[in-house]
Amino acid sequence: MNPFSSVGARLVGVNPLADWLFVVLWLVGLLGTFVPILPATLIILGAALLHELLVGFSELSRGAWIGLVGLTALVFLVDNLAGLVGARRYGASRGGVWGAFVGGLLGIFIVPPLGLFAMPFVGAWVGEVVTGRSASAALNAAWGTVVGMFAGMLGKFLIHLAMGILVLRAIF
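Everything numeric in this text was worked out from a predicted model, so none of it was measured.

Rules and cut-offs
- Residues numbered from 1 in each chain as written.
- Predicted model: local features only at pLDDT ≥ 70, side-chain atom pairs only at ≥ 80, totals over all residues.
- Heavy atoms only, no water.
- Helix = DSSP H or I, 4+ residues; strand = E, 2+ residues; numbered from the N terminus.
- Rg over C-alpha atoms; globule rule 2.2 N^0.38 Å.
- Buried < 20%, exposed > 50% of the residue type's maximum accessible area, 1.4 Å probe, protein only.
- Axes fitted to C-alpha atoms, helices over the stretch in contact; angles between N-to-C directions.
- Parallel < 35°, antiparallel > 145°, perpendicular 65-115°, else oblique.
- Contact = heavy atoms within 4.5 Å.
- Expected span 1.5 Å × (residues − 1).
- Arc of directions from axis to C-beta.
- Core = buried A, V, L, I, M, F, W, Y, C linked by side-chain atoms within 4.5 Å.

**Concerning the overall build of the protein**
Phase 1 of the analysis: Broken down by element type, the protein carries six helices and zero strands.
Phase 2 of the analysis: The linear arrangement of helices and strands in the protein, starting from the amino end, is α-α-α-α-α-α.
Phase 3 of the analysis: The globule rule puts the C-alpha radius of gyration for 172 residues at 16 Å, and the 20 Å found for the protein is more than 25% above it.
Phase 4 of the analysis: With respect to the three principal axes, the spread of C-alpha positions in the protein is 75 × 30 × 20 Å.
Phase 5 of the analysis: Evaluated residue by residue, the protein yields a buried proportion of 37% over its 172 residues.

**As for the packing of helix α1 (residues 15-32) against helix α2 (residues 40-54)**
Each pair of packed helices gets described by two things: the angle between the helix axes and the distance between those axes.
Phase 1 of the analysis: As a packed pair, α1 and α2 sit with axes 8 Å apart at the nearest point and diverge in direction by 175 degrees. On the basis of their axis angle, the class for α1 and α2 is roughly antiparallel. Facing Ala18, Asp19, Leu21, Phe22, Leu25, Trp26, Val28, Gly29, Leu30 and Gly32 of α1, the residues of α2 in contact are Ala40, Ile43, Ile44, Ala47, Ala48, Leu50, His51 and Leu54.

**Brief notes about helix α4 (residues 94-107)**
Phase 1 of the analysis: Given a rise of 1.5 Å per residue, 14 residues ought to cover 20 Å, and the 20 Å separating the end C-alpha atoms of α4 matches this to within 8%.
Phase 2 of the analysis: Those residues of α4 that sit buried are Gly96, Gly99, Ala100, Gly103, Gly104 and Gly107. Summarising the axial view, the buried residues of α4 lie within an arc of 135 degrees, below the 170-degree limit, and thus occupy one face. Seen from the open side of α4, the exposed residues pointing more than 90 degrees away from its buried face are Arg94 and Trp98.
Phase 3 of the analysis: The secondary structure elements touched by the buried residues of α4 are α5 (114-130) and α6 (135-171).

**A look at unusual backbone geometry**
Most peptide bonds are trans, and most residues other than glycine sit at a negative phi.
Phase 1 of the analysis: In this model, Phe57 sits at a positive phi of 50 degrees, which is unusual for a non-glycine residue.
Phase 2 of the analysis: Its place among the elements puts Phe57 in the loop between α2 and α3 (62-89).
Phase 3 of the analysis: Accessibility expressed as a relative area gives 46% for Phe57, which makes it partly exposed.

**What to know about the environment of Met153**
Phase 1 of the analysis: Within the element layout of this structure, Met153 appears in helix α6.
Phase 2 of the analysis: On the basis of relative accessible area, Met153 is assigned to the buried category, the value being 7%.
Phase 3 of the analysis: Measuring from C-alpha to C-alpha, the distance between Met153 and Val78 comes to 8.7 Å, with 75 residues separating the pair along the chain.
Phase 4 of the analysis: Not counting the four nearest positions on each side in its chain, Met153 is found in contact with Thr33 and Phe34.

**Comments concerning the side chain of Thr145**
Phase 1 of the analysis: Checked against the element boundaries, Thr145 lands in helix α6.
Phase 2 of the analysis: Setting aside its immediate chain neighbours within four residues, Thr145 contacts Gly86, Ala87, Ala92, Gly96, Val97, Ala100 and Ala124.

**Examining the nonpolar core**
Phase 1 of the analysis: Ranked by size, the top nonpolar core spans 17 residues in total, and within it Phe22, Leu68 and Val167 carry the most contacts.
Phase 2 of the analysis: Those elements that provide at least two residues to this core are α1, α2, α3 and α6.
Phase 3 of the analysis: Counting residues per element, this core draws most heavily on α6, at five residues.
Phase 4 of the analysis: The residues touching Val167, leaving out its near neighbours within four places in the chain, are Phe22, Ala48, Leu60 and Leu68.

**Quick look at the environment of Ile159**
Phase 1 of the analysis: If you trace the backbone, Ile159 turns up in helix α6.
Phase 2 of the analysis: C-alpha of Ile159 to C-alpha of Gly91: the two residues are 68 residues apart in sequence and 28 Å apart in space.
Phase 3 of the analysis: Setting aside chain neighbours within four positions, we find Ile159 in contact with Leu71, Leu74, Val75 and Val78.

As structure tokens, then:
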């Protein structure tokens, strides 16, 4: 029996496996949006690439790939700008932004999942105080840093959702 179907290098019987493998990896990527150390966008893009490798690049069009790459670029833009805009709007310094980042990483290990949300705030506040800001100014800046971080997470989540829907529409 020929292991390949009549459509290029597409393996017989791989479609359902490839389809559901994409779905599982996409869901991992969606959840990874809220875990700062996971490259959620790359997980989703990699899941689409793996899917197409398994089905012989037969289901996603060139337009779909352009859309995925464009959405990937948009994720990186939103991720960087949302945190910066939120931090600057509330008067955060570079120390507050870095403190929020370090706090987010520590939050993975300190009382997860609550730490993922509380530690960036604590880290931003500490970063502001260490740079010489008063406790009340540091509190305001920490709040802005966290507002920006959560706005960025929401934006990334919505874009990751769109990436998955783009692929799902093509494969199902």
